[in-house]
Amino acid sequence: MRAVTCTNAKLEVVDQPTPTPAKGQLLVEVLRCGICGSDLHARKHCDELADVMAESGYDAFMRSGQQVVFGHEFCGEVVDHGPRTRKTPRPGTPVVALPLLRRGDEVHGIGLSTLAPGAYAEQLLVEQALAFPVPNGLAPEIAALTEPMAVGWHAVRRGEVGKGDVAIVIGCGPIGLAVICMLKTHGVRMVIASDFSAGRRALATACGADVVVDPTRDSPYEHGKGHVHSIIDAFDLALGTVEKLHRLRLPWWHVWRAAEAVGAAAPKHPIIFECVGVPGVIDTIMASAPLFSRVVVVGVCMGADHIRPAMAINKEIDLRFVLGYTPIEFRDTLHMLADGKINATPLITGRVGLPGVEAAFEALGDPEAHAKILIDPKSEVKAP
């Protein structure tokens, strides 16, 4: 079978043996595969991330000198199954799958390890337990977006965003757009998006953002009402609240505790999603955001970064980091797509065949041109 491999940042189409499914595994013919931002980063910076992964307890992440087949956002059709694999979807069934593959006693990330080749290929292996039939005749192009949209859904859930909260998305690449889509699917009424690229701002609007900001002209943090923007304002809020409660001629502390019990005592604050993944962005957000903001870091910064803890402390910033999604979030995302609850179509801006993968990587370097490019292994298209 044909596949696109990456070795020392070089992408090339090669012939490889068709993989053989083991017990509990499915052989899947790839219908569509998305090119992820992490693939772009891993092409040239995988060794830095591999060092971090090894320190975190996973030492099989790809290295630059290895021959790796990328691709963890995919939709395919079942071709075969391994021995003693029960309740498998029938051959011909379209499926999506969590990108994890068991090898002996270990589980590896599909598309990011030599031990689990990905979907930049005509066929790949997936775990039957993690494969989900595509419902409602959902098109393969949209089904292939299940994985990145599940990342967005996990981020929204980890952010604990209420429908009446102000959500701010910094960076409108594919993951930022996925977060916007999932915020609107969740019913959040005010979603503010910020990006330097006019093209990506247009995509943010298409995905449902209520306010779209060019950060060279406007601040995304000035559009929320009732947020506290300085320490002086926080001091004034604390003193002014106690003064007002004193005028009621009641024990103010009882009133305050009652307000805390129903969630009415905390100052209003936005939930900010960092979807850029470039050094310096987290610190810039903390310095610019209102006090008490919750910052959810979704973008993956491959190198070292620098933040000022004193800034986060003085503003009492709640900083959270997220990774991936849970199996139930992945399954639910697929069904939200199939039920038409998510408008993910604007993310898709191009398509190529396996011979066009390198050109697609180059095209994705221009934020004005593309967001998500899909690979169709049956196609010979060489330019997105």
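As the structure is a computational prediction, the values presented were derived from the model and not from experiment. (Residues numbered from 1 in each chain as written. Predicted model: local features only at pLDDT ≥ 70, side-chain atom pairs only at ≥ 80, totals over all residues. Heavy atoms only, no water.)

Student: Help me get a handle on the UniProt feature "domain: Alcohol dehydrogenase-like N-terminal" (unreviewed entry) in the protein chain, residues and values and all.
Tutor: UniProt's entry tags residues 23–135 with the feature "domain: Alcohol dehydrogenase-like N-terminal" (unreviewed entry), counted in the numbering of this structure. Structurally, residues 23–135 comprises 17% helix and 35% strand, and the distance from its first C-alpha atom to its last is 25 Å. (UniProt positions renumbered as here; feature names shortened; annotations may be inferred. Helix = DSSP H or I, 4+ residues; strand = E, 2+ residues; numbered from the N terminus.)

Student: Quick one: what's the story with the packing of aromatic side chains, residue by residue and with numbers?
Tutor: Here the distance between the centres and the angle between the planes together describe a pair of aromatic rings. All told, the structure shown has 7 aromatic pairs when counted by the stated rule. An angle of 80° between the planes, with centres 5.9 Å apart, marks the rings of F70 and Y120 as edge-to-face. Highlighted residues: F70 in the loop between α1 (37–55) and β4 (73–81) and Y120 in the loop between β7 (106–109) and β8 (123–127), separated in sequence by 50 residues. Of the two residues examined, F70 and Y120, each falls in the buried class. Assessed through its relative accessible area of 1%, F70 is described here as buried. An aromatic cluster is defined as three or more aromatic residues linked by ring pairs; in this entry it consists of F70, Y120 and F361. (Phe/Tyr/Trp six-rings, centres within 6.5 Å; stacked < 30°, edge-to-face > 60°. Buried < 20%, exposed > 50% of the residue type's maximum accessible area, 1.4 Å probe, protein only.)

Student: Would you mind going over a positive patch on the surface in detail, with residue names and values included?
Tutor: Side chains of K23, R84, R86 and K87 sit close together on the surface and give a patch of like positive charge. Structurally, K23 can be placed in the loop between β2 (10–15) and β3 (25–34). (Patch = residues over 30% accessible without salt bridge, like charges linked within 9 Å, V, L, I, M, F, W, Y side chains within 5 Å. Areas by Shrake-Rupley, 256 points an atom, 1.4 Å probe, with all protein chains shown as cover. Salt bridge = Lys/Arg side-chain N within 4 Å of Asp/Glu carboxyl O. Lys, Arg positive; Asp, Glu negative; His and termini not counted. Charge placed at Lys NZ, Arg CZ, Asp CG, Glu CD.)

Student: Go over the environment of P89 with me, naming the residues and quoting the values.
Tutor: Mapped onto the elements, P89 comes out in the loop between β4 and β5 (94–97). In the structure, P89 is positioned 43 residues away from F132 in sequence and 8.7 Å away in space, judged by C-alpha atoms. Apart from residues lying up to four places away in sequence, P89 is in contact with L26, V78, V95 and Q128. (Contact = heavy atoms within 4.5 Å.)

Student: Describe the pairing of strand β14 (residues 294–297), naming the residues involved and giving the relevant values.
Tutor: Neither face of β14 is exposed, since R294 and V296 on one face and V295 and V297 on the opposite face are all buried. Of the pairings in the sheet, the one linking strand β13 (residues 271–274) to β14 comprises 4 bridges and is parallel in character. Opposite I271, over in β14, you have R294 as the bridge partner. Regarding topology, helix α8 (residues 281–288) serves as the crossover connection from β13 to the parallel β14, and that connection is right-handed. One ladder, built from 4 bridges, connects β14 with strand β15 (residues 318–321); its direction is parallel. By the bridge assignment for β15, V297 is matched with F321. Following the chain from β14 across helix α9 (residues 309–314) to the adjacent parallel β15, one finds a crossover that is right-handed. (Pairing = 2+ DSSP bridges. Right-handed = clockwise from strand over helix to strand, strands pointing away.)

Student: Give me the lowdown on the sheet that holds β13, citing residues and values where you can.
Tutor: An order of β12-β11-β10-β13-β14-β15 is seen for the 6 strands of this open sheet, with the pairing classed as parallel. Of all strands in the sheet, those bounded by a partner on one side alone are β12 (211–213) and β15. Across this sheet, the average inter-strand angle for adjacent strands is 20°, counted without regard to direction. When strand β10 (residues 166–170) meets strand β11 (residues 190–194), the two strands line up parallel, connected through 5 bridges. Bridging across to β11, V169 finds its partner in A193. (Axes fitted to C-alpha atoms, helices over the stretch in contact; angles between N-to-C directions.)

Student: Please give an account of the nonpolar core that cites residues and values.
Tutor: In globular proteins that are soluble, nonpolar side chains generally tend to be buried together. M149, L177, I180, L183 and F273 are the most contacted members of the largest nonpolar core, which has 54 residues in total. Mapped by element, the contributors of at least two residues to this core are α2 (140–143), α3 (146–159), β10, α4 (174–185), β11, α5 (198–206), β13 and α10 (327–338). With 7 residues, α4 is the single largest residue contributor to this core. In this structure, this core is formed jointly by two domains, domain 1 (2–133 + 344–375) and domain 2 (151–228 + 267–321), each of which donates at least three residues. In this view, L183 contacts V156, V161, A167, V169, V188, V191 and F273; residues no more than four positions away in its chain are not counted. Of all hydrophobic cores here, the second largest spans 47 residues; its members include A3, C6, L26 and A116. (Core = buried A, V, L, I, M, F, W, Y, C linked by side-chain atoms within 4.5 Å. Domains from an automatic or database assignment.)

Student: Can you tell me about the side chain of S293, naming the residues and giving the values?
Tutor: If you trace the backbone, S293 turns up in the loop between α8 and β14. Excluding anything up to four places from it in sequence, S293 contacts H269, P270, I272, E316, I317 and D318.

Student: How would you summarise the domain arrangement of the protein chain if you had to cite specific residues and measurements?
Tutor: Examined at the domain level, the protein chain breaks down into domain 1 (2–133 + 344–375), domain 2 (151–228 + 267–321) and domain 3 (231–262). Computed from C-alpha atoms alone, the centre-to-centre distance between domain 1 and domain 3 is 55 Å.

Student: Which residues make up α1, and what values go with them?
Tutor: Given a rise of 1.5 Å per residue, 19 residues ought to cover 27 Å, yet the end C-alpha atoms of α1 are separated by just 23 Å, more than 12% below that figure. The largest bend along α1 measures about 95° and falls at H45. Listed in full, the buried residues belonging to α1 are D39, A42, R43, C46, L49 and A50. Where α1 is buried, its residues meet β1 (2–7), β2, β3 and α11 (357–363). (Expected span 1.5 Å × (residues − 1). Bend = angle between axes of the 7 residues up to and from the residue.)

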